[in-house]
Amino acid sequence: MAEVAEPITRYKALCIDVTDERAGQQFWSEVLGLEISGREAHRWLAGETSQQVVWINEVPEPKTVKNRVHLDVFANSVDELLALGARRLADFPHWTVMAAPDGQEFCAFVRDDPPRHRLKDVVVDSQDPERIARWWQSVLGGVLDSDPDNSWWWLDGIAGAPFESIDFVPVPEPKTAKNRVHWDVLVNDLGLLVDAGARVLRPKGGDISWHVMADPDGNEFCAFDD
């Protein structure tokens, strides 16, 4: 296990793209154990701490490919998720692959007594999990570890993150579409983030008060001035 000395960003929030904002808010609030907060035109999902925030963003484009980033969640049962409108895609010994009503994949980990806040992990597909895991550790911090074969990598103990880890798993296919799940970070010096290898896709200004970024794998994320 290895821990980075001085991360250059801090975790801020999680974001999920959907084609129907109201339906997405209702579904994910139930799945994640969060409350719908805010006003009609400015709503988000919130928990008991300031870090337990999920933004449900309506986008015009439908989901067309398997999610490159997905969520692992705790659940009382698979039936509980089916009743909310999820679909069962595949069963594994320790988890069940599900799909939200709009097709977004997520994995359910059934527990006899799940926590109130149900988000377990954020999982990222990559052709080179070690490289991108080390990159995110360098900018976000946390403790880096891997399985015995060094094929799966994960970051535990990320300061402020309301989940156990970000997991990086091997896949053969490259990224081909915009991710429908991403996280936001706080940054003091955007230049340090760019020097580390991030790209600015859209600088803040106009109707946005944040920078749209991409990591070396092309995964989108948003950087807010700290």
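Heads up: the structure comes first, above all this text.
Residues numbered from 1 in each chain as written. Predicted model: local features only at pLDDT ≥ 70, side-chain atom pairs only at ≥ 80, totals over all residues. Heavy atoms only, no water.

> I'm lost on empty space enclosed by the protein in this one. Help?
With a probe scaled to a water molecule rolled over the atoms, the places where space remains empty come into view. One pass over the full model with this rule turns up one cavity of 30 Å³ or more. Estimates place the volume of the largest cavity at around 50 Å³. Val 69, Val 124, Trp 136, Asn 179, Val 181, His 182, Trp 183, Asn 219 and Glu 220 together form the lining of the largest cavity. For the lining of the largest cavity, the element with the most residues is strand 14 (residues 181-187), which contributes three residues. The residue inventory of the lining of the largest cavity, partitioned by class, reads five nonpolar, three polar and one charged. (1 Å grid on protein atoms, 1.4 Å probe; cavity = no way out; pocket = protein on both sides within 12 Å on 5 of 7 lines; lining within 4 Å. Points joined across faces, edges and corners; volume = space filled by probe spheres on them. Helix = DSSP H or I, 4+ residues; strand = E, 2+ residues; numbered from the N terminus. Nonpolar A, V, L, I, M, F, W, Y, C, P; charged D, E, K, R; others polar.)

> Teacher, can you tell me more about the nonpolar core here?
Soluble globular proteins: nonpolar side chains tend toward being buried together. Formed by 49 residues in total, the largest nonpolar core has its most connected members in Trp 28, Leu 71, Phe 106, Trp 136 and Trp 183. In terms of residues, this core owes the most to one element, helix 3 (residues 129-140), which gives six residues. With five residues, the next largest nonpolar core counts Ile 208, Val 212, Cys 222 and Phe 224 among its residues. (Core = buried A, V, L, I, M, F, W, Y, C linked by side-chain atoms within 4.5 Å. Buried < 20%, exposed > 50% of the residue type's maximum accessible area, 1.4 Å probe, protein only.)

> Help me understand the sheet that holds strand 17 (residues 220-225) in this model?
Within a sheet, adjacent strands bond to each other through the backbone by hydrogen bonds, running parallel or antiparallel. With mixed pairing, eight strands are arranged side by side in an open sheet as 3-4-5-2-14-17-16-15. In this open sheet, the two strands that pair with only one neighbour each are strand 3 (35-39) and strand 15 (199-202). Within the sheet, the average angular offset between the axes of one strand and its neighbour, ignoring direction, is 35°. As defined by bridge partners, strand 2 (residues 9-18) adjoins strand 5 (residues 53-58) across five bridges and the pair is classed as parallel. (Pairing = 2+ DSSP bridges. Axes fitted to C-alpha atoms, helices over the stretch in contact; angles between N-to-C directions.)

> Looking at this model, I keep getting lost on the pairing of strand 9 (residues 105-110). Mind explaining?
Consecutive residues of a regular strand have side chains that alternate between opposite faces of the sheet. Across the six residues that make up strand 9, a large majority, five, are buried. Direction of pairing for strand 8 (residues 96-99) relative to strand 9: antiparallel, over a ladder of four bridges. Counted as the bridge partner of Met 98 is Phe 106 from strand 9. What sits between strand 8 and strand 9 in their antiparallel hairpin is a turn of five residues, with Gly 103 showing a positive phi close to 100°.

> Would you take a moment to explain the environment of Arg 22 for this structure?
Positionally, Arg 22 belongs in helix 1 (residues 21-32). On the basis of relative accessibility, which here comes to 52%, the residue Arg 22 falls in the exposed class.

> Mind showing me how you'd approach the environment of Arg 10 here?
Considering the arrangement of structural elements, one finds Arg 10 in strand 2. With a relative accessible area of 43%, Arg 10 lands in the partly exposed category. Reaching out from Arg 10, the side chain makes a polar contact with the side chain of Asp 226 at a distance of 2.9 Å. (Polar contact = N/O pair within 3.5 Å; in protein donor to acceptor, adjacent residues only side chain to side chain.)

> Would you explain the side chain of Asp 167 in this entry?
Note on placement: Asp 167 falls in strand 13 (residues 165-170). The side chain of Asp 167 is buried and forms no salt bridge, while Lys 120, the nearest opposite charge, is found at 5.8 Å. Within the structure, Asp 167 has its side chain in polar contact with the side chain of Ser 165 (distance 2.6 Å). With residues up to four places along the chain from it excluded, the contact list for Asp 167 reads Asp 72, Asp 121, Val 122, Val 123, Val 124, Trp 153 and Trp 154. (Lys, Arg positive; Asp, Glu negative; His and termini not counted. Salt bridge = Lys/Arg side-chain N within 4 Å of Asp/Glu carboxyl O. Contact = heavy atoms within 4.5 Å.)

> Hey, could you run me through the environment of Lys 204 in this one?
Mapped onto the elements, Lys 204 comes out in the loop between strand 15 and strand 16 (211-214). For Lys 204, a relative accessible area of 40% corresponds to the partly exposed category. Placed 50 residues apart in sequence, Lys 204 and Trp 154 show a C-alpha to C-alpha distance of 30 Å.

> Looking at this structure, I do not really get the layout of surface pockets. What am I missing?
Computed from the structure, the largest pocket encloses a volume of approximately 510 Å³. Looking at the largest pocket, it is lined by 20 residues, and the ones nearest its centre are Cys 15, Asn 57, His 182, Trp 210 and Cys 222. For the lining of the largest pocket, the secondary structure elements donating two or more residues are strand 2, strand 5, strand 14, strand 15 and strand 17. Per-element tally for the lining of the largest pocket: the top contributor is strand 17, with four residues. Residues that form the lining of the largest pocket fall into these classes: ten nonpolar, three polar and seven charged. Estimates place the volume of the second largest pocket at around 440 Å³. The wall of the second largest pocket is formed by 21 residues, among which His 70, Trp 95, Cys 107, Val 123 and Trp 152 lie closest to the centre. Within the residue set of the lining of the second largest pocket, elements represented by two or more residues are strand 6 (69-75), strand 9, strand 10 (119-126) and strand 13.

Keep in mind these values describe shape, not function.
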